[in-house]
Amino acid sequence: QVQLVESGGGLVQPGGSLGLSCAASGSIYSILNMGWYRQAPGKQRELVAAITRGGNPTYADSVKGRFTISRDNAKNTVSLQMNSLKAEDTAVYYCNAQIKWRVGVAYEAYWGQGTQVTVSS
């Protein structure tokens, strides 16, 4: 059983900063890509940032220059540092990881339970 547990959401004022963390636990053989998605009310879930096992990041255009994704392969964690937050960043943020739980099986996508980020004065 693989679990992704997120932490770090909350309420922040516009222009402020917030950090999110996600830890993968359970039966894990290998983790490929890890990332963060978000879903605002009435909108589809969208990719915010992703990072390969080798540490190469990609970002949505809307967060480039403001958000930084990082991962610790030894600890099976991925983090998202969010700076210069805007009201439009308000959403539920979900951690995602492509995990192989044993050799010989395919990578599967796992999701965290989501954490609320609200940017408001």
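Scroll up for the structure.
Each chain has its residues counted from 1, running along the sequence as written. Per-residue local features of the predicted model are confined to residues with pLDDT of at least 70, and side-chain atom pairs are confined, for both listing and counting, to 80 or more; whole-chain, interface and lining totals are unaffected and use all residues. Excluded from the side-chain calculations are hydrogens and water; all other atoms, namely the structure's heavy atoms, are used.

Quick question: what am I supposed to make of the overall build of the protein here?
Helix and strand assignments come from DSSP, with helices taken as H or I runs of at least 4 residues and strands as E runs of at least 2, each series counted from the N terminus. Of the regular secondary structure elements, the protein holds 0 helices and 11 strands. Along its sequence from the N terminus, the protein presents helices and strands in the succession β-β-β-β-β-β-β-β-β-β-β. Radius of gyration (C-alpha) of the protein: 14 Å, near the 14 Å computed for a compact globule of 121 residues. On the principal axes, the C-alpha backbone points of the protein span a range of 50 × 25 × 25 Å. Relative to its full complement of 121 residues, the protein shows a buried share of 39%. Relative to all contacts within the protein whose residues are 6 or more apart in sequence, the contacts with residues 24 or more apart total 56%. Surface exposure of the protein reaches about 6400 Å², of which carbon and sulfur atoms provide 48%. Throughout, radius of gyration means the C-alpha value; the globule benchmark is 2.2 Å times the number of residues raised to the power 0.38. Exposure categories follow from relative accessible area, calculated using a 1.4 Å probe and restricted to protein chains: below 20% of the type maximum is buried, above 50% is exposed, and the middle band is partly exposed. It only takes one pair of heavy atoms within 4.5 Å for two residues to be counted as in contact. A 1.4 Å probe and the Shrake-Rupley method give the accessible areas. Residues count as covered only by the protein chains that appear here.

Help me understand the state of the cysteines, please; the structure alone is not making it clear to me.
By definition, a disulfide links the sulfur atoms of two cysteine residues through a covalent bond. Here, a disulfide means two cysteine sulfur atoms that sit within 2.5 Å of each other. Overall, the coordinates contain 1 disulfide when judged by the stated rule. Between cysteine 22 and cysteine 95 runs a disulfide, and the two sulfur atoms are separated by 2.1 Å. Judged by the sign of its S-S torsion, about -80 degrees, the cystine formed by cysteine 22 and cysteine 95 is left-handed. Note that cysteine 22 is positioned in strand β3 (residues 18–26) and cysteine 95 in strand β9 (residues 91–100), a separation of 73 residues in sequence. Note on accessibility: cysteine 22 and cysteine 95 belong to one class, buried.

I'm lost on the environment of valine 78 in this one. Help?
As for its placement among the helices and strands, valine 78 is situated in strand β8 (residues 77–82). Note on valine 78: relative accessible area 0%, which makes it buried. For valine 78 and serine 21, which are 57 residues apart along the polypeptide, the C-alpha to C-alpha distance reads 5.9 Å. Leaving out residues up to four positions away in the same chain, valine 78 has contacts with Leu20, Ser21, Cys22, Met34, Trp36, Ile51, Ile69, Ser70, Arg71 and Cys95.

Explain the sheet that holds β8 here, please?
The strands making up a sheet associate through hydrogen bonds between their backbones, and the pairing can be parallel or antiparallel. An order of β1-β3-β8-β7 is seen for the 4 strands of this open sheet, with the pairing classed as antiparallel. For this open sheet the edge positions go to β1 (2–7) and β7 (67–72), each flanked by a neighbour on one side alone. Geometrically, the sheet is characterised by an average inter-axis angle of 15 degrees between neighbouring strands, direction not taken into account. Alignment of β1 against β3, held across 6 bridges, turns out to be antiparallel. The residue of β3 that forms the bridge with valine 5 is alanine 23. Pairing between strands is defined by DSSP: at least two bridges between them are needed. Note on method: axes are straight lines fitted to C-alpha atoms, helices fitted across the in-contact stretch only, with angles between N-to-C directions ranging 0 to 180 degrees.

Please clarify how the side chain of threonine 115 should be interpreted in this entry.
Looking at the secondary structure, you find threonine 115 in strand β11 (residues 115–119). In protein, a polar contact requires one atom able to donate a hydrogen and another able to accept it; more generally it is a pair of N or O atoms within 3.5 Å, and residues adjacent in sequence count only if both atoms are side-chain atoms. Separated by 3.3 Å, the side chain of threonine 115 and the backbone nitrogen of glycine 9 make a polar contact. Here threonine 115 is in contact with Glu6, Gly9, Leu20, Ala91, Val92 and Tyr93, once residues within four sequence places are set aside.

Help me understand unusual backbone geometry, please; the structure alone is not making it clear to me.
Residues apart from glycine generally show negative phi values, whereas peptide bonds are mostly found in trans. Of note, the phi angle at asparagine 76 is positive, near 55 degrees, even though the residue is not glycine. Among the secondary structure elements, asparagine 76 is positioned in the loop between β7 and β8. Residue classification places asparagine 76 among the partly exposed positions, given a relative accessible area of 22%. In this model, serine 84 sits at a positive phi of 50 degrees, which is unusual for a non-glycine residue. Assignment of secondary structure puts serine 84 in the loop between β8 and β9. You can call serine 84 partly exposed: its relative accessible area is 41%.

Interpretation in functional terms is not warranted from these geometric data alone.
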